2 protein chains.
Amino acid sequence: MKGVAVLGSTGSIGTQTLSVLRGLAPEYGVVALAAGQNVALLAQQVAEFKPKLIYAEAAGARQQLTGALSSTGAWATPDEMAAHPDVDLVIVGTSGKAGLAPTLAALRAGKDVALANKEVLVMAGELVMAEARRSGAAVRPVDSEHSAIWQCVWGEEPGALQRIILTASGGAFRDRPLEELRQVTPAEALRHPTWNMGAKITVDCATLMNKGMETIEARWLFDVPLERVDVVLHRESIVHSMVEMRDGSVKAQLGLPDMRLPIRCAITYPERLPFDELPRLDLAAIGTLTFDRVDLERFPCLGLAMAAGRAGGTHPAAMAAADEVAVGHFLAGRIGFMDIAPVVEQAIAAHRAVAAPDLEAVLAIDAWARRYTDELVAQRV
Amino acid sequence: MKGVAVLGSTGSIGTQTLSVLRGLAPEYGVVALAAGQNVALLAQQVAEFKPKLIYAEAAGARQQLTGALSSTGAWATPDEMAAHPDVDLVIVGTSGKAGLAPTLAALRAGKDVALANKEVLVMAGELVMAEARRSGAAVRPVDSEHSAIWQCVWGEEPGALQRIILTASGGAFRDRPLEELRQVTPAEALRHPTWNMGAKITVDCATLMNKGMETIEARWLFDVPLERVDVVLHRESIVHSMVEMRDGSVKAQLGLPDMRLPIRCAITYPERLPFDELPRLDLAAIGTLTFDRVDLERFPCLGLAMAAGRAGGTHPAAMAAADEVAVGHFLAGRIGFMDIAPVVEQAIAAHRAVAAPDLEAVLAIDAWARRYTDELVAQRV
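Residues numbered from 1 in each chain as written. Chains lettered and ligands numbered in written order. Predicted model: local features only at pLDDT ≥ 70, side-chain atom pairs only at ≥ 80, totals over all residues. Heavy atoms only, no water.

1. Some words on the overall build of chain A
- On a plain count of helices and strands, chain A comes out with 17 helices and 12 strands.
- The C-alpha atoms of chain A give a radius of gyration of 20 Å, which matches the 21 Å a tight globule of 381 residues would have.
- Taken over the C-alpha atoms alone, chain A extends approximately 60 × 50 × 40 Å along its principal axes.
- Within chain A, the proportion of its 381 residues that are buried is 59%.
- The long-range share in chain A, meaning contacts at least 24 apart out of those at least 6 apart in sequence, stands at 68%.
- Surface exposure of chain A reaches about 14400 Å², of which carbon and sulfur atoms provide 51%.
- Put simply, chain A has 36 plus and 45 minus side-chain charges, and the middle of one group is 2 Å from the middle of the other. (Helix = DSSP H or I, 4+ residues; strand = E, 2+ residues; numbered from the N terminus. Rg over C-alpha atoms; globule rule 2.2 N^0.38 Å. Buried < 20%, exposed > 50% of the residue type's maximum accessible area, 1.4 Å probe, protein only. Contact = heavy atoms within 4.5 Å. Areas by Shrake-Rupley, 256 points an atom, 1.4 Å probe, with all protein chains shown as cover. Lys, Arg positive; Asp, Glu negative; His and termini not counted. Charge placed at Lys NZ, Arg CZ, Asp CG, Glu CD.)

2. With respect to the interface of chain A and chain B
- In this complex, chain A contributes 43 residues to the contact, which on the side of chain B involves 43 residues.
- Interface area for chain A against chain B, summed over the two sides, is near 3600 Å², with a carbon-plus-sulfur share of 50%.
- Here Arg280 of chain A ties to Glu244 of chain B by a salt bridge, and the two come within 3.1 Å at their closest N and O atoms.
- Counting only elements with at least two residues in the side of chain A that touches chain B, the list comes to helix 8 (144-153), strand 10 (239-245), strand 11 (250-254), helix 12 (260-268), helix 13 (283-286) and strand 12 (288-290) of chain A.
- The leading source of residues in the side of chain A that touches chain B is strand 11 of chain A, at 5 residues.
- For strand 12 of chain A and strand 12 (residues 288-290) of chain B, the ladder comprises 3 bridges, and the chain directions are antiparallel. Looking across to strand 12 of chain B, one finds that Thr288 of chain A is bridged to Thr290 of chain B. (Buried area = accessible area lost by both parts, 1.4 Å probe. Salt bridge = Lys/Arg side-chain N within 4 Å of Asp/Glu carboxyl O. Pairing = 2+ DSSP bridges.)

3. Let's talk about the sheet that holds strand 1 (residues 2-7) of chain A
- On the basis of which strands lie adjacent, the open sheet formed by 7 strands has the order 4-3-2-1-5-6-7 (chain A) and parallel pairing. Each edge of the open sheet is held by one strand with a lone partner, namely strand 4 (74-75) and strand 7 (139-141) of chain A.

4. Overview of the pairing of strand 2 (residues 28-35) of chain A
Residues and elements named next belong to chain A.
- In terms of residue burial, strand 2 counts as a mostly covered element, since 8 of its 8 residues are buried.
- Regarding topology, helix 1 (residues 12-24) serves as the crossover connection from strand 1 to the parallel strand 2, and that connection is right-handed.
- Taken together, the 4 bridges between strand 2 and strand 3 (residues 53-56) define a ladder with parallel strand orientation. Note on strand 3: the bridge partner recorded for Ala32 is Leu53. (Right-handed = clockwise from strand over helix to strand, strands pointing away.)

5. Examining the packing of aromatic side chains
All names here are of chain A.
- Evaluation of the coordinates by the stated rule reveals 14 aromatic pairs over all chains.
- Judged by centre distance (5.0 Å) and plane angle (50 degrees), the ring pair of Trp154 and Tyr269 falls under tilted. Taken together, the positions of Trp154 in the loop between helix 8 and strand 8 (161-168) and Tyr269 in the loop between helix 12 and helix 13 put the pair 115 residues apart, joining distant regions of the chain.
- Judged by its relative accessible area of 29%, Tyr269 falls in the partly exposed class. (Phe/Tyr/Trp six-rings, centres within 6.5 Å; stacked < 30°, edge-to-face > 60°.)

Rendered as structure tokens:
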């Protein structure tokens, strides 16, 4: 049995991961479950999967879970889980910077990581990939886009990948005239055309900041400079992404939007196990796939993210923190949709850049950028 | 240096192969050239590439090539070329059954074969693949469709391939109403919407017999039963074909129509060498890709071919021979476009089927089916 630790087990990726692991038993087993605030759901998951190690961030969680702890498992922090001898693979499904330390702990201990958390590589891609190289552990993508790229380069020689073409649905406002974007409401921003996800990431899809972060992730996962990462608008979200090889051959991975496939790939690689429950793609029924250029004027966050990625160092970390805070203020109605980009831009510009930051420096910039962005918004309001 | 024998060097695939090999020198060298009737072009190719071994089918060719033979090479039959110690890879670019014996000779001698000839696998797929298994030599596809499938399964486990989805442009008559197809002329049939090829194959594209033969080829190349080979209409010829893996993941290979890419892949595998001259695919510029079901009433040859493939044995060989003769009669104006399918069907039905034919039996059926089809057409006219 391969032992899996699921960090963020009560979130969207976590619950889907557990549903995948249900189908993969007994070859794959849940060794550790870590959650944030949803202790009630965690207790149910513990009762079902009986993990050896349990954690929840919520205050008083340890007391609430006493029953489960006494019968099946022990309390352990995500960092401890990540390095535990019974764990072979760590699924990082926590959002935000909470995934960073466990990812580094897992890689340091030589455990493969399945990464569903964008911020880890955006904030500290250089650090994380250096740790993976040192220990020989792998960072496997769980995002649909990066899983697509990954599947397309299986069996290809290192160095043969010339260009990455990330597809973008275009988010909730892909068809809104630019002049209307100042007035859109949080409720409108939360209507994603093809994927059903959390609030923050859905707004990031509408600004294309999410796609910008994905370009940075792709840069680190596949060791390709950002100059060779393109974004193409693809409304149908059927082609999950593409690669261009150095002989000009283009490969794409396609499917109906369903996160269970990238989750399974990340767990069972290099095997592909039968997955009959997955609805099959029928292109003749879909009929038409469209592709278009992205309008950077309408989506300034994409250019911003790619510029931060090219600048490197702490720029992407400052950007990610500022974006999270700015999106929060947008969702609370304190700033407009088109204020997100200039607020983030100002935070990046004002931050004290460090060229090759360690984890501490990254977290310091993160904390600074959050405070700074709060103040910036307070001044604007 | 890897030694390459190019059979059919003066044809469409042959000349494109030589242009590819020009760019791959000195790592790949032309060791042998074999042509059919175009001795003048062969003489030029011999002067440029100075192969060790030379052949042309044309009467008197050996005398015409005396000068070249005395200075650079020796006369050798395609079968001798295929098994020559200096040859590492045999490109079978001859059309029709002429490719069959050299393919078998190459595989028997343990040489990899790059196969651009459809008839070889349609007529004798079982024999050819058995020979490859025995010697451990590979059969690499040169067709754009099969190269696409091949590229998509690099790095995938054997057995993980669940379904092959061949794309079809639909040929010259994809938009003609069914009732007009009886009246179409050979000149109209020769207007292929996306690829520029020889006359016989272009008519086979218009009837979809070509696609039917490709389903049989795919069946042998990738060891997938015909029940798991689908055809989807894709007008733009950008997606060259697709695979569905057993977890439901779909992979596709895309590019502008250019045979040099599959030729290069077949020569340099498992390497992908830089190919800057290949025009790059820009999907945003193309905008739309369409997919549709194939209308089997309009294209009876597709159903005919798949049925012959499922029946196995000598059925596909009888079909291929009857089709070649029937298409010749259509091009000569002796039968109509919609007569091709019933003529071929009648020949298949009338042939004396052999379940596991050897080469001799295959060639006997081929000869019989040609005579029979000629007689059939003579009776009809």
